[in-house]
Number of protein chains: 2
Amino acid sequence: MEHPVGDPAFEDVTARARIRDAAIRLFAEHGIDGTTVRDITQAAGVSPGLLRHHFGSKEALREACDLHVLNRLVKIKEELVLEGKVASPGFLPAVHPTILLSYKYVTRALLDGSPSAAAMFDDMVVLTEQWISKNAPDVTEDYRAYAAVLVGMQSGILAMHDHVSRALGVDIFTTDGHLRMAGALADFYSHSLLDPEFVAKARGAMEPLRAPNPPTAAGTDPGAEGA
Amino acid sequence: MEHPVGDPAFEDVTARARIRDAAIRLFAEHGIDGTTVRDITQAAGVSPGLLRHHFGSKEALREACDLHVLNRLVKIKEELVLEGKVASPGFLPAVHPTILLSYKYVTRALLDGSPSAAAMFDDMVVLTEQWISKNAPDVTEDYRAYAAVLVGMQSGILAMHDHVSRALGVDIFTTDGHLRMAGALADFYSHSLLDPEFVAKARGAMEPLRAPNPPTAAGTDPGAEGA
DNA sequence: AGCGGTACTATACGCGTGTATAGCCAGCTG
DNA sequence: CAGCTGGCTATACACGCGTATAGTACCGCT
């Protein structure tokens, strides 16, 4: 393309970059379907036609945003890992506050079915699986499920940001809110919540229900609603 | 007009109930905005005008669906609690498979901003907070955040069902898939994943980055004494 | 100066959406 | 039977959407 992507100072003034950044912000906030091209172009201060001129379509713009955010994320993470500045990923936003928007965007992208975000999710599952088998091999016998659950919860709690923020009284996509959430998350990771014996007992009791035929439509639809 | 096949007892239910049930299924699958009234009425085998006749508007239909699902959920839970059939909520779908659709619906409702679902979320946070302070008072110093995180993760992992299911190779909204996920979840709840000392150290290192005003909820700011 | 191309705007088209309206038909009631 | 009520359909309206197209201003090049 005509635009040198490597020069951030130049790109930031470009209308193309303004459209992309506005789209990232609006997509992160309201999702793909909840954002119109007119919303984006108005936020960027340009006409709707220019979006098509630069990106071709809304879907192509979305892919461009996906790539931009994902690249920014890996760049920041690489940079911080190299500098050894951060001890735990949960506290990362304290060092790099701008990453919160990227988190929000990726979370929405996961919900909106973005292939790029899904690929990132899969990568994180694999990485987590490897980490568990190496660093905490005794926590489970099902590494795959454990890793999937772990990554799913990590991203899922961000998907529930509205409700978690309401319960906390502070937006978890601000530095303060995110830190408070990360603190509870750290407690969660470092302390056992349930008694292993109790869990094992419950699991054993429920096991016979798995293999045999589950109850059919016998208990279906208790509310026939004749009103 | 031809009826969609595969739906048992299709004729037995009133058109109003068919519309509601079709809406619940489609809302759970594609969300509110991803479902058109024509989709619903076609799935219910009626004309679009009938939806308006019975429910007034799409929004009113959504509220009716919210109430119906939520009532069904509390009814099932009460029933099972009374019968003492279930040891852990995670294994509940093994006993009552039809609850999985309700789970899926409520999860989507949370993402779509349903007030009823949000109220349910808040209730669960309060209940969880009370449970923690009574049954596991030592896992954290910030009960509120811990409870919010717990409920947020529980619902959030369901919000990420597409990705978790893909990682597991099985749909977590089937009985088998849900049981596998619940198993990993049980492991997660009953074993400590991180070393508490390491977490405390990381928390202390990050503490100076926090903004001047610490949260003022239950108890003192966790890790405030860290260096 | 003249030319070509690119950034950008104004405007419109086609479509799908939620919603509104008019009318049909069965069943009950007098 | 006549008349009315309510479940139900067919059709249309107004609007917002993504997208397409025609046209304009500006900049570098020869």
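Residue numbers run consecutively from 1 along every chain, following the written order of its sequence. Throughout, the order in which chains and ligands are written sets their labels, letters from A for the former and numbers from 1 for the latter. Local features in this predicted model are restricted to residues of pLDDT 70 or higher, and side-chain atom pairs are both shown and tallied only at a pLDDT of 80 or more, whereas totals for entire chains, interfaces and linings draw on every residue. Each side-chain value is worked out from all heavy atoms of the structure, with water and hydrogens disregarded.

### Things to note about the overall build of chain A
Stated formally: Numbering goes from the N terminus for both helices and strands, where a helix is a DSSP run of H or I of at least four residues and a strand is a run of E of at least two. Partly exposed describes any residue whose relative accessible area lies between the buried limit of under 20% and the exposed limit of over 50%, with all areas from a 1.4 Å probe on protein chains only and scaled to the type maximum. Contact criterion: two residues are considered in contact whenever any of their non-hydrogen atoms come within 4.5 Å of each other. For every accessible area listed, the method is Shrake-Rupley and the probe measures 1.4 Å; residues are considered covered only by the protein chains on display.
Check the secondary structure of chain A and you find twelve helices and zero strands. Per-residue burial for chain A yields a buried fraction of 44% across its 227 residues. Counting contacts in chain A only where the partners sit at least 6 residues apart, residues at least 24 apart contribute 53% of the total. Total accessible area computed for chain A in this model is approximately 11,200 Å², and 57% of it derives from carbon and sulfur atoms.

### Examining the pattern of salt bridges
Test applied: Only one rule defines a salt bridge in this text: a Lys or Arg side-chain nitrogen within 4 Å of an Asp or Glu carboxyl oxygen.
Enumeration according to the criterion identifies twelve salt bridges over all chains in this entry. Where Arg 20 of chain A meets Asp 21 of chain A, a salt bridge forms, and the shortest distance between an N and an O atom there is 2.7 Å. A salt bridge links Arg 166 of chain B to Asp 122 of chain A; its shortest N-O distance comes to 2.9 Å. With Arg 166 of chain B in helix H9 (residues 161-168) and Asp 122 of chain A in helix H8 (residues 115-135), this pair bridges two chains. Accessibility expressed as a relative area gives 26% for Asp 122 of chain A, which makes it partly exposed.

### Considering the protein's contact with DNA strand C
As a reminder, the rule being used: Each residue is tested against the molecule or strand, and it is near if at least one of its non-hydrogen atoms lies within 4 Å. As used in this structure description, the phrase polar contact means that two N or O atoms lie within 3.5 Å; if the pair is within protein, one of them must be able to donate a hydrogen and the other to accept it, and residues adjacent in sequence are counted only when both atoms belong to side chains. Asp, Glu, Lys and Arg are counted as charged, while Ala, Val, Leu, Ile, Met, Phe, Trp, Tyr, Cys and Pro are counted as nonpolar; the rest, among them Gly, fall into the polar class.
The local shell around DNA strand C holds 15 residues, among which Ser 47 of chain A together with Thr 36, Arg 38, Arg 52 and Lys 58 of chain B are the closest. Among the atoms of DNA strand C close to the protein, meaning within 4 Å, 59% are from sugar or phosphate groups. Within the side chain of His 53 of chain A, one N or O atom sits 3.2 Å away from a phosphate oxygen of DNA strand C. In this structure, a phosphate oxygen belonging to DNA strand C sits 2.8 Å away from a side-chain N or O atom of Lys 58 of chain B. Among the secondary structure elements, those contributing two or more residues to the surface near DNA strand C are helix H4 (48-55) of chain A together with helix H2 (37-44) of chain B. In terms of residue class, the surface near DNA strand C is built from four nonpolar, seven polar and four charged.

### Structural notes on the protein's contact with DNA strand D
Looking at DNA strand D, there are 15 residues lining it, with Thr 36, Arg 52 and Lys 58 of chain A together with Ser 47 and His 53 of chain B nearest. A share of 57% is what sugar and phosphate atoms reach among the atoms of DNA strand D within 4 Å of the protein. Between DNA strand D and His 53 of chain B, the relevant distance is 2.8 Å, taken from a phosphate oxygen to a side-chain nitrogen or oxygen of the residue. Sorting the residues of the surface near DNA strand D by element identifies helix H3 (37-44) of chain A together with helix H3 (48-55) of chain B as the ones contributing at least two each. Ranked by residues supplied to the surface near DNA strand D, first place goes to H3 of chain B with four residues. A breakdown of the residues in the surface near DNA strand D according to their chemical character gives four nonpolar, seven polar and four charged.

### Examining helix H9 (residues 143-159) of chain A
Residues that lie three or four places apart on an α-helix share one face, since the helix turns once every 3.6 residues. Defined as follows: Multiplying 1.5 Å by the helix residue count minus one yields the expected span of that helix.
Between its first and last C-alpha atoms H9 of chain A spans 24 Å; for 17 residues at 1.5 Å apiece the expected length is 24 Å, and the two agree. Summarising burial for H9 of chain A: 14 of the 17 residues are buried, a large majority.

### Here's the deal with the nonpolar core
Going by this rule: Buried Ala, Val, Leu, Ile, Met, Phe, Trp, Tyr and Cys residues that are joined via side-chain atoms within 4.5 Å together make up what is termed a nonpolar core.
Ile 40 and Phe 188 of chain A together with Ile 40 and Phe 188 of chain B are the most contacted members of the largest nonpolar core, which has 116 residues in total. Among all residues touching Ile 40 of chain A, those that are not within four sequence positions of it are Ile 19, Ala 22, Ala 23, Leu 26, Phe 27, Thr 35, Leu 51 and Leu 61 of chain A.

### As for the environment of Gly 113 of chain B
The topology assignment puts Gly 113 of chain B in the loop between helix H6 (99-112) and helix H7 (115-135). A C-alpha to C-alpha distance of 27 Å links Gly 113 of chain B and Gly 177 of chain B, two positions 64 residues apart in sequence.

### Examining a negative patch on the surface
The condition is simple: Patch membership requires more than 30% relative accessible area and the absence of a salt bridge. Residues of like charge join within 9 Å; the nonpolar side chains Val, Leu, Ile, Met, Phe, Trp and Tyr join within 5 Å. Working convention for charge: Lys and Arg count positive, Asp and Glu count negative, and His plus the chain ends are omitted. Charge positions are represented by NZ for Lys, CZ for Arg, CG for Asp and CD for Glu.
On the surface, a cluster of negative charge is made up of Asp 33 and Asp 112 of chain A together with Asp 33 and Asp 112 of chain B. Looking at the secondary structure, you find Asp 33 of chain B in the loop between helix H1 (15-30) and H2.

### Topic: the packing of aromatic side chains
Going by this rule: Only the six-membered ring of Trp is used, alongside the rings of Phe and Tyr, when aromatic pairs are assigned; centres must lie within 6.5 Å, and planes under 30 degrees apart are stacked while those over 60 apart are edge-to-face, with the rest tilted.
The tally for this structure, following the rule as stated, stands at seven aromatic pairs over all chains. An aromatic cluster of at least three residues, connected via ring pairs, comprises Tyr 146, Phe 188 and Tyr 189 of chain A together with Tyr 146, Phe 188 and Tyr 189 of chain B.

### A few points about helix H7 (residues 99-112) of chain A
Residue and element names in this part refer to chain A. Helix length check: H7 (14 residues) gives 20 Å between terminal C-alpha atoms against 20 Å at 1.5 Å per residue, within 8%. The element H7 is largely enclosed, with a buried count of ten among its 14 residues. If you check which residues of H7 are buried, you get Ile 99, Leu 100, Ser 102, Tyr 103, Lys 104, Tyr 105, Val 106, Thr 107, Ala 109 and Leu 110. After H7 finishes, the residue Gly 113 shows a positive phi value of roughly 85°.

### Observations concerning the packing of helix H10 (residues 161-168) of chain A against H7 of chain B
Operational definition: All axes here are fitted lines through C-alpha atoms, helices being fitted over the stretch that makes contact, and every angle between N-to-C directions spans 0 to 180 degrees. Small angles under 35 degrees read as roughly parallel and large ones over 145 as roughly antiparallel, with 65 to 115 read as roughly perpendicular and the rest as oblique. For any pair of crossing helices, the crossing counts as left-handed if the nearer helix is rotated counterclockwise from the farther one by less than a right angle, and right-handed if it is rotated clockwise.
At a minimum axis separation of 10 Å, H10 of chain A and H7 of chain B run at an interaxial angle of 50°. Considering their axes alone, H10 of chain A and H7 of chain B lie oblique with respect to each other. Between H10 of chain A and H7 of chain B the crossing geometry is right-handed. The residues of H7 of chain B that touch H10 of chain A, namely those facing His 163, Val 164, Arg 166 and Ala 167 of chain A, are Ala 118, Phe 121, Asp 122 and Val 125 of chain B. Per-class residue counts for the contact of H10 of chain A with H7 of chain B are five nonpolar, one polar and two charged.

### Brief notes about the side chain of Thr 41 of chain A
Topologically, Thr 41 of chain A is positioned in helix H3. Ignoring anything within four residues of it in the chain, the contact list for Thr 41 of chain A reads Val 46, Ser 47, Pro 48 and Leu 51 of chain A.

### Side note on the confidence of the model for chain A
All names here are of chain A. Definition in use: Per-residue confidence from the predictor is reported as pLDDT, a score between 0 and 100.
Of the residues in chain A, 78% reach a pLDDT of 70 or more, and the chain-wide mean stands at 83. Helix H1 (residues 8-11) is the least confidently modelled element of chain A, averaging 42 in pLDDT, while H10 averages 98, the highest of any element. Counting contacts from residues 1-11, a segment whose pLDDT is below 50, to residues more than four positions away or on other chains yields ten contacts. Considering only residues more than four positions removed or in separate chains, one finds that residues 212-227, a stretch of pLDDT under 50, has 20 contacts.

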